[in-house]
Amino acid sequence: MELLPAKSQHGALLLKDLKLTVQKVSPWRIWAIHSLRVLLFAGIVLTIHLEARSRRDAPTEEFTKQLLLETFDELPNGIEVGAKDSETGLVPIRYAGSEIGYLLTTSPESDHIIGFSGPTNVAILLDPDLEVQQLEVVWSRDTREHLKEVLDSSNYWNQFLGASWEELSHKQKVDAVSGATLTSLAIGESIINRLGGEVPSLKFPDPVTLSDVQVLFDEASSIQQARRFDNAWDVFDEQKQLLGTVLSTSPSADNVVGYQGPTETLIAIDTDGKVKRTYTRNSYDNQPYVSYLDEDWAWPELFQGLTLEEVSLYDLAEQGIEGVSGATFTSMAAARGVIQSAQKNLNPLPETRAQPKSPKAWKPSRADLGTLTVIIAGIIIAMTHLRGIAWLRILYQMILIGYVGFLNGDLLSQAMFVGWAQNGVPWRSAFRFAVLAGIAFVFPVMTKRNIYCSHLCAHGAVQQLVRKRVRYQFHPRKNLKRFLSLVPVGLLAWVIIVSMLGLTFSLVDIEAFDAYLFRIAGWSAISIAVGGIIVSLFVPMAYCRFGCPTGATLEYLRRTRRSDRLSPADGIAVGLLLLAQLLYWAPEDFFLWA
């Protein structure tokens, strides 16, 4: 028998010992340690959710004596609080045996009036003559920055002080706060609504003019208020013949919010009672995206030929309506506003006539099915030998970039994840995103493959296509590579700070993915996307490796052969969780700078 040299025998023994050492690692240990990583991530998500819920779940019960004293510092300590009047909601305040005033809150009666992102509960202190003496915000579900602008504006609050109940109930105009228009108008509407007045449209106060109507009726010569509808005008030609009616969706649909706020749409109705077309008159959403609605050849005629009753029963999902490309949120909100306006302006339907349809079972849209098809194809390619076929891989990448990326804009991002953590996952409206996210998070843990970054991300596919397309390639040294790898960590820390403090900073501006919706993308996202692709020509997959916080999160959750031991990444994850906890438990006035 041939003997191995001494060195070879020694090496064989070392390999044998190494093999035995590897075999001794328990699968339970791997799963236990990796489960801790998943729990760290879940802890950060839960903390963000609890912080968002704490801002929403403010108390709405009747005021106690202690709360009164805390809210209105000018009240004497010896006050007594009476029982709340069931009809008016007034809470009498007594001192030394006599009534010195009354307390009223806008919640819950005005909770349906939404500002930028939620309602605000205002406590109204009235004197014995029912004149407003003081106003204080008790809680608000609106954004902190918008609310702060309103709270700091003494001129805004002065327009209510000293006014009587009757005067405020008939108030027709509220002077809004610049920079917090929706929030300040909503607070004003809440006060007016709570005092029993018929709330006018404070968000779109300008009356409809003849020039507005002529966009819908070319022969219009005069208009007259139509009392049978809420905010509508009959339209006449030069011979005083009725041409039809123009119905405004405001104020009926003022609380239907698009990307940044409500949209006022004018609905043209002919003499047969059928919709002729619509026209977008005003919107709190941005230009040029609002203009896309009227420029689209089909959108203004979406409800053409339908009666108001038919419009009120219109099911956008059932009809496969997905909005105007580049202005999806604005257009879908405008369409819902038209439907809601039709519902509010209809007379009660007789029992013999058609009744509203019961809610239909949800079904995925065409875009959902298209993206799901690409996702399934990507999984099959990633998990089989097909990934080694160059022409097939490139063809798939082109489809991924063109359809999933530029056409649908289906890319996961920190902005989306934070929104879901704060408000829950919109399973129906974002079904394909939910599936994509599920795959992105489950596969790294269960299969050891970060399949989203390698086969389902359009921006990752672009970087793969440009990889090594130029001769010169730069490979960062070890120390530089370590430094660059901290960039996603810093971005993740910023994500936590923004979400926990409720800052108005838009998280889409720290990643490249919004650039694929280039018609509405900001310059920050476009610059990051283009710059990352250029750098990736010289540094392979540069953005994925050194600039993407979403990719870094998924890579941290990926189970590997070294998952049985702790790593510096675990320390970073613990630090991020501690940062979130610090921001959650810190007193509200600790971060006044925010």
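Please refer to the structure placed before this passage.
For the structure given in this document, a descriptive report is provided here. (Residues numbered from 1 in each chain as written. Predicted model: local features only at pLDDT ≥ 70, side-chain atom pairs only at ≥ 80, totals over all residues. Heavy atoms only, no water.)

## Examining the nonpolar core
(1) Moving on: Formed by 64 residues in total, the largest nonpolar core has its most connected members in L412, Y452 and L456.
(2) Moving on: Ranked by size, the runner-up nonpolar core spans 26 residues in total, among them F229, I267, L302 and V311. (Core = buried A, V, L, I, M, F, W, Y, C linked by side-chain atoms within 4.5 Å. Buried < 20%, exposed > 50% of the residue type's maximum accessible area, 1.4 Å probe, protein only.)

## Details of the pattern of salt bridges
(1) Moving on: Within the structure shown, the criterion is met by nine salt bridges.
(2) Moving on: For R194, the salt bridge is made with E109, and the minimal N-O distance between the two is 3.3 Å. Here R194 is found in helix 7 (residues 181-194), whereas its partner E109 is found in the loop between strand 3 (98-105) and strand 4 (120-126), with 85 residues between them in sequence.
(3) Moving on: In this structure R194 comes out as buried when scored by relative accessible area, which is 9%.
(4) Moving on: Via salt bridges that share partners, D212, E264 and R281 belong to a single interconnected network. (Salt bridge = Lys/Arg side-chain N within 4 Å of Asp/Glu carboxyl O. Helix = DSSP H or I, 4+ residues; strand = E, 2+ residues; numbered from the N terminus.)

## Remarks on the sheet that holds strand 7 (residues 232-236)
(1) Moving on: Taken in spatial order, the five strands line up as 6-7-8-9-10 in an open sheet, and their pairing is antiparallel. The open sheet is flanked by strand 6 (222-225) and strand 10 (275-283), the only strands paired with a single partner. Taking the axes of each pair of neighbouring strands and ignoring which way they run, one obtains an average angle of 25° across the sheet.
(2) Moving on: Seen against the sheet, helix 11 (residues 328-345) touches strand 8 (242-248) and strand 9 (263-270) and runs at an angle of roughly 55° to strand 9. (Pairing = 2+ DSSP bridges. Axes fitted to C-alpha atoms, helices over the stretch in contact; angles between N-to-C directions. Contact = heavy atoms within 4.5 Å.)

## A short note on the packing of aromatic side chains
(1) Moving on: One pass over the full model with this rule turns up nine aromatic pairs.
(2) Moving on: Seen in terms of ring centroids, Y156 and F160 are 5.5 Å apart; in terms of plane orientation they differ by 75°. Their pairing is edge-to-face. Each member of the pair, Y156 as well as F160, carries the same accessibility label: buried.
(3) Moving on: Geometrically, the ring pair formed by F406 and Y516 is tilted, given 4.9 Å between the ring centres and 50° between the ring planes. (Phe/Tyr/Trp six-rings, centres within 6.5 Å; stacked < 30°, edge-to-face > 60°.)

## Focus on the sheet that holds strand 3
Backbone-to-backbone hydrogen bonds pair the strands of a sheet. The strands run either parallel or antiparallel.
(1) Moving on: Read across the sheet, five strands follow the order 1-2-3-4-5 without closing on themselves; strand pairing throughout is antiparallel. Among the strands making up the open sheet, the edge pair consists of strand 1 (80-81) and strand 5 (132-140).
(2) Moving on: Where strand 3 lies against strand 4, four bridges are found, and the strand directions are antiparallel. From the neighbouring strand, T105 faces strand 4, where its bridge partner is A123.

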